[in-house]
Amino acid sequence: MKTKVKEFNWLFWIFIIVYSAGLFYLFYNQCLLHEDYSYFSDMRAYILEIQGQESGYSFPYPIFFETARLLSFIMPIYIAIPIVLTVLNTLGVIVTYRYLVKQDISKIAATVGCLMIFLVSMIYLAAPELPEGAYGQRYLGVFSPNPFQNATYIATRPFSILLFLKFIDIIKKYPKCELKDCILFGVYMVLSVLAKPSFIFVIAPIFAVVFLIKWFQIKFKFSKCDYVILVGAVITIAILVWQYIMVFDVESGGIQIGPGQAWHVWTPSIKWAIVKANLFPLFYLLCNLKKLKTDLLYRYSWIVYFVGILTFYMVYEGGYRFYDANFAWGYMHGLFFVFFSSITMLLKEWKKYGIKNKWYNWVGSALLGWHLVCGIYFFIHMLSGGSASYF
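Just so it is clear, the model here is predicted, and its values are computed rather than measured.

Visitor: I would appreciate a short explanation of the nonpolar core in the present structure.
Guide: Across soluble globular proteins, you tend to see nonpolar side chains buried next to one another. The biggest cluster of nonpolar side chains holds 136 residues, and the ones touching the most others in it are Phe 64, Ile 81, Tyr 139, Phe 167 and Tyr 331. Excluding residues that lie within four positions of it along the chain, Phe 167 makes contacts with Phe 185, Ile 206, Phe 207, Val 210, Phe 211 and Tyr 300.

Shown next as structure tokens:
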């Protein structure tokens with residue numbers, strides 16, 4: 001019997017090496033805390049937290065912070081932090097690539113898909129240099145599916161990808177899902193919230209509604225899988241309560257409700273910001289509304305996105321954390337997943353129709369190319385010492 005030799009995809013690994021090296025270089029320079037404020041980010045607070053010093057904030061997110069702390073015992077902290085973040089980001093890219101390969105597209109197409117998914121950003125036109133002290137309007141208020149500068153978002157993303165894909169897998173099979181899948185689902189929930197709760201804030205309400213409907217349909221006759229999901233949910237909720245207690249004190253003002261309060265601080269037009277952040281997926285949605293019925297990944301990615309918008313628009317942190325607009329991170333997870341699902345669908349369409357593709361796939365590809373060019377320039381800006389706040 002002949003054994004099948006797996007083809008080694010050089011193109012993918014070249015992309016992984018170059019992309020990971022770029023992120024390592026970015027995070028390394030952020031950790032150096034340059035006196036001229038180049039590579040400016042939140043890294044100063046993260047370093048103080050890892051070193052056990054007062055940072056002015058609380059970060060009960062042990063996956064990134066505790067792993068970096070352990071590594072800092074055997075190497076300088078400005079090496080430990082970039083290693084942890086680069087490894088976590090690389091994990092997310094590999095998981096995405098493996099998913100794309102299973103979608104009956106070529107490995108080259110899967111590699112191109114990964115490149116686009118992890119490099120696209122908000123769109124913008126060429127703009128003159130901003131005056132000194134001015135905040136840029138290309139990123140702030142618009143935001144990006146790939147905020148390269150933010151360490152905690154990068155640390156969370158591989159677990160959010162694993163969790164979301166496992167959720168889709170379980171929903172497809174339910175109630176005949178396998179116990180191991182439900183165990184992994186529970187583990188991914190816990191890992192995601194321990195990395196940072198931004199994605200859980202957005203996805204948890206969806207989980208609650210979907211599984212309650214499923215359980216109602218089976219008249220709450222729980223199987224082992226359902227109990228495992230419940231246990232994972234209870235642990236996740238307990239961690240969220242602990243994180244809330246750790247993060248919000250009397251001075252912070254806690255979580256408050258106010259339409260557009262935090263978002264309007266950073267943009268004069270929320271509607272226009274949404275279009276600039278999400279032009280390709282929005283156009284593609286209008287041309288593929290029927291796919292929402294048949295494609296679970298596509299449907300739930302848009303649900304995540306709209307819950308992310310609603311959360312960011314309606315909810316904000318009070319007190320001194322108001323201007324941080326931290327609920328934007330859940331919105332950016334939603335942005336990432338609508339790009340993820342839309343690019344996946346577009347790749348399938350190109351394989352099916354080739355050069356005789358439908359007009360909206362050609363237009364969608366052009367819009368996606370615009371997002372990609374802007375994302376590459378944004379990445380280069382960050383690698384050159386720029387700041388997202390002044391982009």
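Here the narrative resumes.
Visitor: Mind showing me how you'd approach helix α13 (residues 296-314) here?
Guide: Note on helix geometry: an α-helix contains 3.6 residues per turn, so any two residues three or four positions apart are oriented the same way. For α13, with 19 residues, the first-to-last C-alpha span of 27 Å sits near the 27 Å given by 1.5 Å per residue. The backbone nitrogen of Leu 297 has a side-chain oxygen 3.1 Å away, supplied by the residue at the start of α13, namely Asp 295.

Visitor: Looking at this structure, I do not really get the pattern of salt bridges. What am I missing?
Guide: Close approach of charged atoms lets side chains of opposite charge pair. Under the criterion given, the structure shown has 8 salt bridges. Here Lys 166 and Asp 169 are joined by a salt bridge, their closest N and O atoms 3.9 Å apart. Of the two residues, Lys 166 and Asp 169 are both situated in helix α6 (residues 151-173); the distance of 3 residues between them amounts to about one turn of the helix. A residue is classified by how much of its surface remains accessible, and Asp 169, at 22% relative accessible area, is partly exposed. What you see here is one network of salt bridges that share partners, running through Lys 166, Asp 169, Lys 173 and Asp 181.

Visitor: What is the right way to read the packing of aromatic side chains from this model?
Guide: The geometry of an aromatic ring pair is captured by two quantities: the separation of the ring centres and the angle between the planes. According to the stated counting rule, one finds 55 aromatic pairs in the structure shown. Note on Tyr 305 and Phe 306: the rings are 5.4 Å apart at their centroids and 70° apart in plane angle, and the pair reads as edge-to-face. Assessed through its relative accessible area of 44%, Phe 306 is described here as partly exposed. In this structure, Arg 138 packs its charged tip against the face of Tyr 124, placed 5.5 Å from the ring centre.

Visitor: Would you explain the packing of helix α3 (residues 62-71) against helix α4 (residues 77-101) in this entry?
Guide: Working note: a packed helix pair is described by the angle between its axes plus the distance between those axes. Where α3 contacts α4, the two axes come as close as 8 Å, and the packing angle between them is 135°. By the angle between their directions, the pair α3 and α4 is classed as oblique. Considering only the axes of α3 and α4, their crossing is right-handed. Along the contact surface, α3 presents Phe 64, Thr 67, Ala 68 and Leu 71, while α4 presents Ala 80, Ile 81, Ile 83, Val 84 and Leu 85.

Visitor: Which parts of the structure should I look at to understand a nonpolar patch on the surface?
Guide: Among the surface-exposed residues, Phe 201, Ile 237, Val 241, Tyr 244, Ile 245 and Ile 255 lie close enough to one another that they form a single nonpolar patch of about 550 Å² accessible area. The greatest single-element share of the nonpolar patch, amounting to 4 residues, is contributed by helix α9 (residues 224-247). Of the residues examined, Ile 255 reaches a relative accessible area of 33% and is grouped as partly exposed.

Visitor: Teacher, can you tell me more about unusual backbone geometry here?
Guide: Of the consecutive residues Tyr 174 and Pro 175, the connecting peptide bond is found in the cis state with omega at 5°. Mapped onto the elements of the fold, Pro 175 is located in the loop between α6 and α7 (179-195). One non-glycine residue with positive phi stands out, namely Tyr 37, at about 65°.

Cut-offs used in this document
- Residues numbered from 1 in each chain as written.
- Predicted model: local features only at pLDDT ≥ 70, side-chain atom pairs only at ≥ 80, totals over all residues.
- Heavy atoms only, no water.
- Core = buried A, V, L, I, M, F, W, Y, C linked by side-chain atoms within 4.5 Å.
- Buried < 20%, exposed > 50% of the residue type's maximum accessible area, 1.4 Å probe, protein only.
- Contact = heavy atoms within 4.5 Å.
- Helix = DSSP H or I, 4+ residues; strand = E, 2+ residues; numbered from the N terminus.
- Expected span 1.5 Å × (residues − 1).
- Polar contact = N/O pair within 3.5 Å; in protein donor to acceptor, adjacent residues only side chain to side chain.
- Salt bridge = Lys/Arg side-chain N within 4 Å of Asp/Glu carboxyl O.
- Phe/Tyr/Trp six-rings, centres within 6.5 Å; stacked < 30°, edge-to-face > 60°.
- Lys NZ or Arg CZ within 6 Å of the ring centre and 35° of its normal.
- Axes fitted to C-alpha atoms, helices over the stretch in contact; angles between N-to-C directions.
- Parallel < 35°, antiparallel > 145°, perpendicular 65-115°, else oblique.
- Left-handed = near helix turned anticlockwise from the far one by under 90°.
- Patch = residues over 30% accessible without salt bridge, like charges linked within 9 Å, V, L, I, M, F, W, Y side chains within 5 Å.
- Areas by Shrake-Rupley, 256 points an atom, 1.4 Å probe, with all protein chains shown as cover.

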